[in-house]
Amino acid sequence: MGQKPLFLKACAREPVERTPVWLMRQAGRYLPEYLKVRKEAGSFLNLCKTPALATEVTMQPIRRFGLDVAIMFSDILVVPEAMGMKLDFLEGEGPVFADPLKESSDLKRLKQPNVEKKLGYVYNAIEEMRAALPANVPLIGFAGSPWTLATYMIEGGTTKKFTKIKTAIYKDPVFLHGVLNALTDTVIDYLNGQIDHGAQAIQVFDTWGGILSPKNYQEFSLKYMAKIVKNLKKTGPDGAQVPVILFSKGCGNYSEEIAASGCDVVSLDWTADVKKIRRKLGKKVAFQGNLDPAVLYAPEAVIRKEVKKTLKLFGPEPGHIFNLGHGMEPDMDPENVQVLVDIIREESTRSIAKQ
Ligand code: 1CP
C-alpha cells in the first residue's frame, strides 16, 4: 500500500506536511468545461445518471487545480427520486418535486428502494471515478441529511421560508418523523453501498439544519444523522477506515453535540467560532472549513489575508481540512480558485513547518 493520502490523514487527526484542501461544489457551473459537458448531457439529471459524464466533471477540478480530494458528482435529491418521488430540475429554478408530501397518508408513496438497482448508476460512477483518480486523491461519497432531504420533499423545491415543513414540526410531527425515519433507512443503505463500491470518505450535507431551534435541531436533524453515523461501515473493501464528515450549515453552536454523534470530522461554516470550538473539541474530532465563499470575489491580497486568518484559527495541530464554509457559486472566477489553492498550500506548509 502506498502513502495514506493527506486528506485521510487529516480526517484521522494524524500529522500532515500541509493542510489538505477541497471545495464544496468544486465541480459545477463556475467552470466553463463543466458547462460544456452539462450541455452535452442535455439535462442535469442525465449528467448525474451517465457515469462517464459524471466521472468527467468530477475530474475537472482535480485536473485544473490539483485539489487533494474529489467529491463524486451527483446530487442529494437522487435519493427521494429513488424512493418514488418524481424529480425535475428546471432551468433557472432548481429542483422541483411536482407532488410533494403533505400528510401521513403520503408515506405509503415512499418506497424503501433496492439501492443497487435504483441507484446503481451512482455506484457505477463511483467505480469509474476511482479508476480515473490518482491514488493520492481520495473520493468522497455523500448524501443529504434526512432533514435537508425532507425540506425539498415537503416544500416541493427550494424555499426561503420553510413554511410547510415548519408547520409539520408543530402540527404533524408524527408525519414528519415518518418521513425522516424512511429517509434515514434509505440513506444508511445508500451510503453503505457507496462504501462497498469504493467511496473512501462520506459527507452528510445538512444544508438546512441551521433554520431549526436548538431543541428541534436535535430532534429533527441531528438524531437521524447520528443514527446514520452509527450504522455506516467503518472500513472500505480495501480495509481502510472510511471517515464520516457531518456538515450542518449554521450549526457551529452545536459542534459538541455533533461530535458526540461519533462522526470523524465536523464541517463548519464561516459563522462558527472556530477558536473556541477547536480548543474544546480538537482532541475528539477533526474539522473542515470554513472560509466564507464570498472571499473568492476579492483580490489576491485579501484572499491571502483571509486564508492566513483561517489557518491560524484552526491552528497547527493535526485535524484540519481546508474548505469553504459552503459551496462555490456559478459567478465565481476559476482563476481565483487557483489563487486560493496555491495560497493554502504555501501558507499551510509554512505554518506547519514553523512548529
Ligand atoms: O444545472 C446544473 O448544473 C445544476 C446545478 C447543480 C450542481 C452542479 C445542482 C442542482 N447540483 C449540483 C451538484 C451537487 N449537488 C454536488 C456535486 C459535487 C460537488 O462538486 O460538490 C453536491 C455535493 C450537491 C449537493 C446538494 N444538492 C446539496 C447540499 C450541498 C449544498 O450545496 O448545500 C443541496 C441542498 C442540493 C440541492 C440542489 N441541487 C441543485 C440545486 C440547484 C439545488 C438546490 C439548492 C438550494 O435549494 O439552494
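For the structure itself, look to the data block above.
Report follows, based on the coordinates. (Residues numbered from 1 in each chain as written. Predicted model: local features only at pLDDT ≥ 70, side-chain atom pairs only at ≥ 80, totals over all residues. Heavy atoms only, no water.)

**Some thoughts on empty space enclosed by the protein**
So, step 1. Counted according to the given criterion, the structure contains 1 cavity of 30 Å³ or more.
So, step 2. What the largest cavity holds in volume is close to 40 Å³.
So, step 3. Surrounding the largest cavity, Ser248, Cys251, Gly252, Ser255, Ile258, Val266, Ser267, Leu268 and Asp269 form its lining.
So, step 4. Going through the elements one at a time, α12 (255-259) and β7 (265-267) are the ones with two or more residues in the lining of the largest cavity.
So, step 5. Partitioned by chemical class, the residues of the lining of the largest cavity number 4 nonpolar, 4 polar and 1 charged. (1 Å grid on protein atoms, 1.4 Å probe; cavity = no way out; pocket = protein on both sides within 12 Å on 5 of 7 lines; lining within 4 Å. Points joined across faces, edges and corners; volume = space filled by probe spheres on them. Helix = DSSP H or I, 4+ residues; strand = E, 2+ residues; numbered from the N terminus. Nonpolar A, V, L, I, M, F, W, Y, C, P; charged D, E, K, R; others polar.)

**A look at the site of the ligand**
So, step 1. For the ligand, the set of nearby residues contains 22 residues, the closest of which are Tyr34, Arg38, Asp75, Tyr152 and His326.
So, step 2. Here Thr158 contributes a side-chain N or O atom positioned 2.8 Å from an oxygen atom of the ligand.
So, step 3. One nitrogen or oxygen atom from the side chain of His326 is found 2.7 Å from an oxygen atom belonging to the ligand.
So, step 4. Here the ligand loses 89% of its free accessible area of 890 Å² to cover by the protein chains.
So, step 5. Its atoms largely coinciding with the cavity grid, the ligand occupies the largest pocket.
So, step 6. Among the residues making up the shell around the ligand, the classes are represented as 13 nonpolar, 5 polar and 4 charged. (Near = heavy atom within 4 Å. Polar contact = N/O pair within 3.5 Å; in protein donor to acceptor, adjacent residues only side chain to side chain. Areas by Shrake-Rupley, 256 points an atom, 1.4 Å probe, with all protein chains shown as cover. Sits in = over half its atoms within 2 Å of the grid points.)

**Description of the pattern of salt bridges**
So, step 1. Evaluated as defined, the whole model comprises 18 salt bridges.
So, step 2. In this structure, Arg304 and Glu347 form a salt bridge, with 2.7 Å as the shortest nitrogen-oxygen distance. Placement of Arg304 in helix α14 (residues 300-314) and of Glu347 in helix α15 (residues 334-353) is noted, with a sequence separation of 43 residues between them.
So, step 3. One salt-bridge network, held together by shared partners, links Arg18, Asp68 and Arg345. (Salt bridge = Lys/Arg side-chain N within 4 Å of Asp/Glu carboxyl O.)

**Thoughts on the pairing of strand β5 (residues 201-206)**
Each regular strand carries side chains that alternate between the two faces of the sheet.
So, step 1. Burial analysis of β5 places 6 of its 6 residues in the buried class, which makes it a mostly covered element.
So, step 2. The two faces of β5 match: Ala201, Gln203 and Phe205 on one face and Ile202, Val204 and Asp206 on the other face are all buried.
So, step 3. Taken together, β5, helix α11 (residues 214-231) and strand β6 (residues 244-248) form a β-α-β motif whose crossover is right-handed. (Buried < 20%, exposed > 50% of the residue type's maximum accessible area, 1.4 Å probe, protein only. Right-handed = clockwise from strand over helix to strand, strands pointing away.)

**Describing the packing of helix α2 (residues 32-41) against helix α4 (residues 51-65)**
So, step 1. Interaxial distance between α2 and α4 falls to 10 Å at its minimum, and their mutual angle equals 175°. For the element pair α2 / α4, the angle class is roughly antiparallel. Of the residues in α4, those in contact with Pro32, Glu33, Tyr34, Val37, Glu40 and Ala41 of α2 are Leu53, Glu56, Val57, Gln60 and Arg64. (Axes fitted to C-alpha atoms, helices over the stretch in contact; angles between N-to-C directions. Parallel < 35°, antiparallel > 145°, perpendicular 65-115°, else oblique. Contact = heavy atoms within 4.5 Å.)

**Section: helix α13 (residues 274-281)**
So, step 1. Considered for burial, the residues of α13 that qualify are Val274, Ile277, Arg278 and Leu281. Considered in projection along α13, the buried side chains sweep an arc of 95° and stay on one side of the axis. The exposed set on the far side of α13, more than 90 degrees from its buried face, consists of Lys275, Lys276, Arg279 and Lys280.
So, step 2. Residues of α13 that are buried in the fold lie against α12, β8 (286-291), α14 and β9 (320-324). (Arc of directions from axis to C-beta.)

**Thoughts on the layout of surface pockets**
So, step 1. One number sums up the size of the largest pocket: a volume of about 1400 Å³.
So, step 2. Every residue lining the largest pocket is counted, 40 residues in all, and those nearest its centre are Arg25, Arg29, Asp75, Phe89 and Pro95.
So, step 3. Taken together, the elements giving at least two residues each to the lining of the largest pocket come down to α2, β2 (87-90), β3 (94-97) and α8 (146-155).
So, step 4. In terms of residue count, the dominant contributor to the lining of the largest pocket is α2 (3 residues).
So, step 5. Looking at the lining of the largest pocket residue by residue, the class counts come to 20 nonpolar, 11 polar and 9 charged.
So, step 6. Lining the second largest pocket are 33 residues, with Leu8, Gln200, Asp238, Ala240 and Gln241 sitting closest to its centre.
So, step 7. Of the residues in the lining of the second largest pocket, the class split is 18 nonpolar, 8 polar and 7 charged.

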